[in-house]
Amino acid sequence: MKNAVGREIPEKIGRYVVKPYTGAYTESPSGEPVHTLRTAGKHVSGDCKMLPSIEEAVKAAGLKDGMTISFHHSFREGDEIVGQVLTAIRALGIRHLRFAPSAVVNIKNPSIVDFVKDGTIDRIEASGIRGELGDAVLEGLMEEPVILRTHGSRPRAIEAGELMIDVAFIGAAAADEYGNATGQIGPNACGSLGYSFVDVSNAAKVIVITDYLVDYPCNPASISQQYVDYVVKVDRIGDPDKIGKGAARMTKNPRDLMIAERAADVMAASRLFKDNFSFQTGAGAISIACTNYLAERMEARGVKASFALGGITAAIVDMYKKGLVRVLECSQCFDAVAARAIVEEPGIVEIDNAVYSNPFSKGSMLDKLNFGVLAALEVDTDFNVNILTGSSGEMMGGLGGGPDVAAGSDISIVCLPVVRGRTPSVTKRVFTCCTPGETVAAVVTEAGIALNPAHKYYAELKEDLEKANMKLVTIQYLQELAESLTGVPAPIETTDRVVCVVEYRDGTVIDVIREIKK
Amino acid sequence: MEIKKPAVAGTLESSDCQITIRPNPGKGIDIDLESDVKMMFGETILETVRKTLEEFGVTSAEVEIRDKGALDCVIKSRMQCVICRGAEERYDWSKEDEKEWQKKQSV
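Description of the structure in this document. From a predicted model like this one, the values you see are computed outputs, not experimental measurements.

In the segment running from Tyr 216 of chain A into Pro 217 of chain A, the intervening peptide bond is cis, with an omega of -10 degrees. Residue position: Pro 217 of chain A is located in the loop between strand S11 (205–210) and strand S12 (230–233). Cis peptide bonds are those with omega within 30 degrees of zero, and the linkage from Asn 219 of chain A to Pro 220 of chain A qualifies with 0 degrees. Looking at the element boundaries, Pro 220 of chain A is found in the loop between S11 and S12. Even without a glycine there, the phi angle at Ser 15 of chain B is positive, about 70 degrees. Its location among the elements puts Ser 15 of chain B in the loop between strand S1 (7–9) and strand S2 (17–22). The class for Ser 15 of chain B is partly exposed, based on a relative accessible area of 35%. You will see that Glu 88 of chain B, though not glycine, has its phi angle at about 55 degrees, which is positive. One can find Glu 88 of chain B in the loop between helix H2 (72–87) and helix H3 (100–103).

As a further point, take the pattern of salt bridges. All names here are of chain A. By the definition in use, this model includes 34 salt bridges over all chains. Among the salt bridges present, the one from Glu 144 reaches Arg 15, with a minimum N-O distance of 3.1 Å. Of this pair, Glu 144 sits in the loop between helix H4 (131–138) and strand S7 (146–148) while Arg 15 sits in the loop between strand S1 (12–13) and strand S2 (16–17); the two residues are 129 residues apart in sequence, bridging distant segments of the chain. Residue Arg 15 is classed as exposed on the basis of its relative accessible area, which comes to 63%. Residue Glu 463 is joined to Arg 271 by a salt bridge in which the shortest nitrogen-to-oxygen separation is 3.7 Å. On the criterion of sequence distance, the pair formed by Glu 463 in helix H14 (residues 458–467) and Arg 271 in the loop between helix H8 (254–269) and strand S13 (277–280) is long-range, its members being 192 residues apart. By relative accessible area, Glu 463 is classed as partly exposed at 43%. For Arg 271, a relative accessible area of 39% translates into the label partly exposed.

This part is about the packing of helix H1 (residues 38–55) of chain B against H2 of chain B. All names here are of chain B. It is at 10 Å that the axes of H1 and H2 come closest, and there the two elements cross at 35 degrees. Of the two elements, H1 crosses H2, and the hand of that crossing is right-handed. On H2, the residues touching Ile 45, Thr 48, Val 49, Thr 52, Leu 53 and Glu 55 of H1 are Asp 72, Ile 75, Lys 76, Met 79, Gln 80 and Ile 83. Of the residues that constitute the contact of H1 with H2, the class distribution is 6 nonpolar, 3 polar and 3 charged.

Residues and elements named next belong to chain A. Looking at the secondary structure, you find Val 426 in strand S23 (residues 426–427). Once the C-alpha coordinates of Val 426 and Gly 66 are considered, the two residues, 360 residues apart in sequence, prove to be 42 Å apart. If sequence neighbours within four positions are ignored, Val 426 has contacts with Val 379, Val 418, Ile 475, Leu 478, Gln 479 and Ala 482.

Scoring rules and cut-offs
Residues numbered from 1 in each chain as written. Chains lettered and ligands numbered in written order. Predicted model: local features only at pLDDT ≥ 70, side-chain atom pairs only at ≥ 80, totals over all residues. Heavy atoms only, no water. Helix = DSSP H or I, 4+ residues; strand = E, 2+ residues; numbered from the N terminus. Buried < 20%, exposed > 50% of the residue type's maximum accessible area, 1.4 Å probe, protein only. Salt bridge = Lys/Arg side-chain N within 4 Å of Asp/Glu carboxyl O. Axes fitted to C-alpha atoms, helices over the stretch in contact; angles between N-to-C directions. Left-handed = near helix turned anticlockwise from the far one by under 90°. Contact = heavy atoms within 4.5 Å. Nonpolar A, V, L, I, M, F, W, Y, C, P; charged D, E, K, R; others polar.

Quick look at the structure:
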């Protein structure tokens, strides 16, 4: 069958029953009470939650074959929790698990592929898979398709009962013996633990793992003891060089700077650019540069923002310190500067990923966003966006919060160059549709700005940009320009076998990724 | 032209390609292509390589291309260069005289 973005999708994929995508705002929650596996607990004075090893904690939690385990990705590429836990699980001979982290970071030695090959894991549900794991999945590593969800869709799926977590493993930069935990202090401080809140409050068992045990009570505490079953102290939760990596450097690429500046100009030209506006810019090279250009324009015009949302970078912390933004609502800290700032600054706060982005709650913060700046691998002439797969069909990224931000913000701006090397990025049809075109207001490239005539703010944005003498082009023009530079690419050939399901934020299927033909 | 000695043109920088040519007496044309965009443009690249060899009348050569996503015009230029180097001849610039780009006014 074909879904509302014209993608051919099977009705069933293995055991997965497909609900086709019908539109960005058409679906509603079931109306049932939210699902959870959390049970009441009992502890009396003198009880101890500390266990000597991860293996002991896995045993105590009663992890069995076929269950679901979860992790957060706040330690990014420096994470050593996932590797240690899966090694312990393998040693106990537990198999066929569903692995459901908030995102799969690219861990090596051990690699997730090893645990799939030996049968420890047989299903993966995450925001993205790349590197060795992504390649292996596209080559048909797994029997069951990988389910990819946006940041907003994950808490929705948990509460809808689609993703019930048996054991949540929560890596913490600091914790006390009774389970109060935080990412904000300790030698491996990562800042916000916002992605783990929904796991902690809905998993059947919660295990906190830390390398920095502090005296009771741990303060600040993002994870509350009332949800935590066991605490384990290990030698190392991660690589401090990678977790605590400093601020990302400002790009020097003139093309990226030009695109970033244009995106800032689009925001500044909009009538929504006035006191108390809100924005989210993200962590890519263009995004960080765009944040700086936006700050310049705010200073020049004397405009202050109410809040910035999502993953926070040093560039946004800098704006806060200049008094340009009142509150930073931080579901993730992208660098050490942001991780430190969350401790020191009263207006930089840690938020639950669910309040950031869950579409089926009583309100997510991104619905209050005026501007969302998004990176993309590809965009097509229907304004559909691909943030997952590269030019040869390989896995390049994760869904992250991109589709959520596009749907929530008034004006969503996709920034990308028209070509990368010989790969056209503005195409007739994206290889994988992740963000539907109806939620994309503008595409900003080095060769011009294209507005989406089907977007709800088209008329007013067009008027504002024309008033500011900004040159507009059509998306078709950008596509033809890209093709005239690169030539017409041969289509990527796939088999019929579906290896990844791409869910939209409401849990419908917006696209699938098929096995690449060798 | 006859390829008399091995020659190299280009770099391994992004958006460039490095082409090596070697004599291959009596054994025709052998092309070995490695490309970041082989799936999308493998055939197009091979066509450009063959066409350029033909233009220069090269009938036997071993050609090795390490492509980092170069545009077609870049591949063509690198080919022209590597053929001339391998053949130990200068490029005949008079070939360019009648071409369209010569007639365009410079900006």
